[in-house]
Amino acid sequence: MAAAVNKSLLWTGLIASIGGILVLSLVSRRILAPVHSLSGAAQRLGQGDLAQRVPSSGPAELRKLSDTFNTMAENLETAEQQRRSLTADLAHELRTPLSNIQGYLDAVHDGLLEPDEATINTLRQQAAHLVALVEDLRLLALAEAGSLALNLQRESLRDLLQESVEAFRPRADAGGISLTLSAPGELPSLEVDRTRISQVVGNLLENAIVNTPEGGEVRVSAAREGEYIAVSIADTGAGIAPEDLERIFDRMYRVDPSRARATGGAGLGLTIARHLVQVHGGAITVSSIVGQGSAFTFTLPLNRGDC
Ligand code: ADP
């Protein structure tokens, strides 16, 4: 009797052990397979293959890890693509004015062109275009590295806007565009870098005027919104299509590259404007309807301590 009980206990123990080993091996395979796949993919990613992705499988925690890995790999791949296209765009931007300068100098050298005032003016314009482009790139690099030094002073935003609007008035008049400013007199003063905020306003005004046809309107307005002042520059111009609107603040993004190149823009203005507003603790947004116009709005905090 005792022998029979012992035997059955032995069998039960044996079956339980085998069952345990089987379950353990199944569970560890379920866990280890995705871990292996992740570590292989991470290794290949580290060696520069940014197309690496892993299937989302296994227990919830591992699936989350795989999804996080895939998002990281995708972001790295996008950043790399953007870096490559930036270099190509940059080379193109620099090549055009440089080739023009070279072409003119060759023509003068070969006696095909007189080195008269008109020729020299063209050369100066091309050189000025290059200097402005390089200055924009320097500013952008500083802003992106977070090393842009601000010269903060308490300023009247109303005066600053008035000054910018007056600077653009001759351009607006020449284009038959009505340019107006509406800002309440009691608008509180703000701690800002005057040069940088004037640059933001100037860039938005320039874009608005360039993109608005004769007979159109450009309206600049400022108002207090809670702990911020919101400045809006609205035009009755061509408007921006929704697919362009999403990318309008990207580096070197232009709605119509060929036309913009003729007018001298390199697609850096809005990227720089966004950085300059952000370092002041504000934000910039845009709304637009094709055929009706666009409105760019940026905010600046009343109290920089809040930002
Ligand atoms: P750029 O220096 O080439 O003008 P921006 O970064 O200032 O570059 O502008 C990016 C793109 O957005 C340009 O192609 C420009 O034409 C378009 N854009 C900007 N503002 C407006 C506007 N108010 N109306 C229509 N298009 C605009």
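Analysis parameters
Residues numbered from 1 in each chain as written. Predicted model: local features only at pLDDT ≥ 70, side-chain atom pairs only at ≥ 80, totals over all residues. Heavy atoms only, no water. Near = heavy atom within 4 Å. Polar contact = N/O pair within 3.5 Å; in protein donor to acceptor, adjacent residues only side chain to side chain. Areas by Shrake-Rupley, 256 points an atom, 1.4 Å probe, with all protein chains shown as cover. Helix = DSSP H or I, 4+ residues; strand = E, 2+ residues; numbered from the N terminus. Nonpolar A, V, L, I, M, F, W, Y, C, P; charged D, E, K, R; others polar. Phe/Tyr/Trp six-rings, centres within 6.5 Å; stacked < 30°, edge-to-face > 60°. Buried < 20%, exposed > 50% of the residue type's maximum accessible area, 1.4 Å probe, protein only. Pairing = 2+ DSSP bridges. Axes fitted to C-alpha atoms, helices over the stretch in contact; angles between N-to-C directions. Patch = residues over 30% accessible without salt bridge, like charges linked within 9 Å, V, L, I, M, F, W, Y side chains within 5 Å. Salt bridge = Lys/Arg side-chain N within 4 Å of Asp/Glu carboxyl O. Contact = heavy atoms within 4.5 Å. Expected span 1.5 Å × (residues − 1). Bend = angle between axes of the 7 residues up to and from the residue. Core = buried A, V, L, I, M, F, W, Y, C linked by side-chain atoms within 4.5 Å. Left-handed = near helix turned anticlockwise from the far one by under 90°.

A. How the structure looks around the site of the ligand. Taken together, 18 residues surround the ligand, and among them Asn207, Asp235, Val255, Gly267 and Leu270 come closest. At 2.7 Å from an oxygen atom of the ligand is found a main-chain nitrogen or oxygen belonging to valine 255. Between the ligand and the protein, one listed contact pairs an oxygen atom with a backbone N or O atom of leucine 270 at 2.8 Å. In isolation the ligand exposes 550 Å². Once the protein is present, 90% of that is buried. Of all the elements in the fold, those that place two or more residues in the shell around the ligand are α5 (194-210), α8 (269-279) and β7 (293-301). The leading source of residues in the shell around the ligand is α5, at three residues. Among the residues making up the shell around the ligand, the classes are represented as nine nonpolar, seven polar and two charged.

B. Structural context of the packing of aromatic side chains. Considering all chains together, one arrives at one aromatic pair under this definition. Seen from their ring centres, phenylalanine 249 and phenylalanine 296 are 6.3 Å apart, and the 80 degrees between their planes marks the pair as edge-to-face. Note that phenylalanine 249 is positioned in the loop between α6 (242-245) and α7 (257-263) and phenylalanine 296 in strand β7, a separation of 47 residues in sequence. No difference in accessibility class separates phenylalanine 249 from phenylalanine 296, as the two residues are buried.

C. The environment of threonine 71, seen in detail. Here threonine 71 lies in helix α2 (residues 60-109). Sequence separation of threonine 71 and alanine 88 is 17 residues, and the distance between their C-alpha atoms is 26 Å.

D. Local environment of the sheet that holds β7. With mixed pairing, the five strands of this open sheet are ordered in space as β2-β4-β5-β7-β6. Edge positions in the sheet fall to β2 (178-182) and β6 (284-289), since each of these pairs with one other strand and no more. On average, each strand axis in the sheet is inclined to that of its neighbour by 15 degrees, with strand direction left out of account. Sheet analysis places strand β4 (residues 217-225) next to strand β5 (residues 228-235), joined by eight bridges and oriented antiparallel. Looking at the pairing, valine 218 lines up with aspartate 235 of β5.

E. Structural context of a nonpolar patch on the surface. Taken together, the side chains of Trp11, Leu14, Ile15, Ile18 and Leu22 define a hydrophobic patch exposed on the protein surface, amounting to about 550 Å² of accessible area. With respect to the secondary-structure elements, leucine 22 resides in helix α1 (residues 2-46).

F. Spatial organisation of the environment of valine 290. Among the secondary structure elements, valine 290 is positioned in the loop between β6 and β7. Along the backbone, valine 290 and threonine 236 are 54 residues apart, and their C-alpha atoms lie at a distance of 9.8 Å. Valine 290 has contacts with Ala238, Gly239, Ile240 and Ala241, leaving out every residue within four places of it along the chain.

G. Layout of helix α4 (residues 157-174). The end-to-end C-alpha separation of α4 is 26 Å, in line with the 26 Å expected for 18 residues at 1.5 Å each. Its axis deflected by about 40 degrees at phenylalanine 168, α4 carries its strongest bend there, up to four residues before the proline proline 170. Residues of α4 that are buried include every one of Leu157, Leu160, Leu161, Ser164, Val165, Phe168 and Ala172, and no others. Within two residues after α4, glycine 176 carries a phi angle of roughly 65 degrees, on the positive side.

H. Looking closely at the nonpolar core. Of all hydrophobic cores here, the largest spans 48 residues; its most connected members are Leu205 and Phe298. With residues near it in sequence (within four places) discarded, phenylalanine 298 still touches Ile197, Val200, Val201, Leu204, Ile229, Ala230, Val231, Val277, Ala283 and Ile284. If you look at the next biggest cluster of nonpolar residues, it comprises seven residues, including Ala41, Leu45, Val54 and Phe69.

I. Summary view of the packing of helix α3 (residues 117-144) against α8. Contact pair α3 / α8: the axes reach a minimum separation of 10 Å and the direction vectors enclose 40 degrees. Crossing handedness for the pair α3 and α8: left-handed. Contact residues: α3 offers Asp136, Leu139, Leu140, Ala143 and Glu144, while α8 offers Thr271, Ile272 and His275. Of the residues belonging to the contact of α3 with α8, the class tally is four nonpolar, two polar and two charged.

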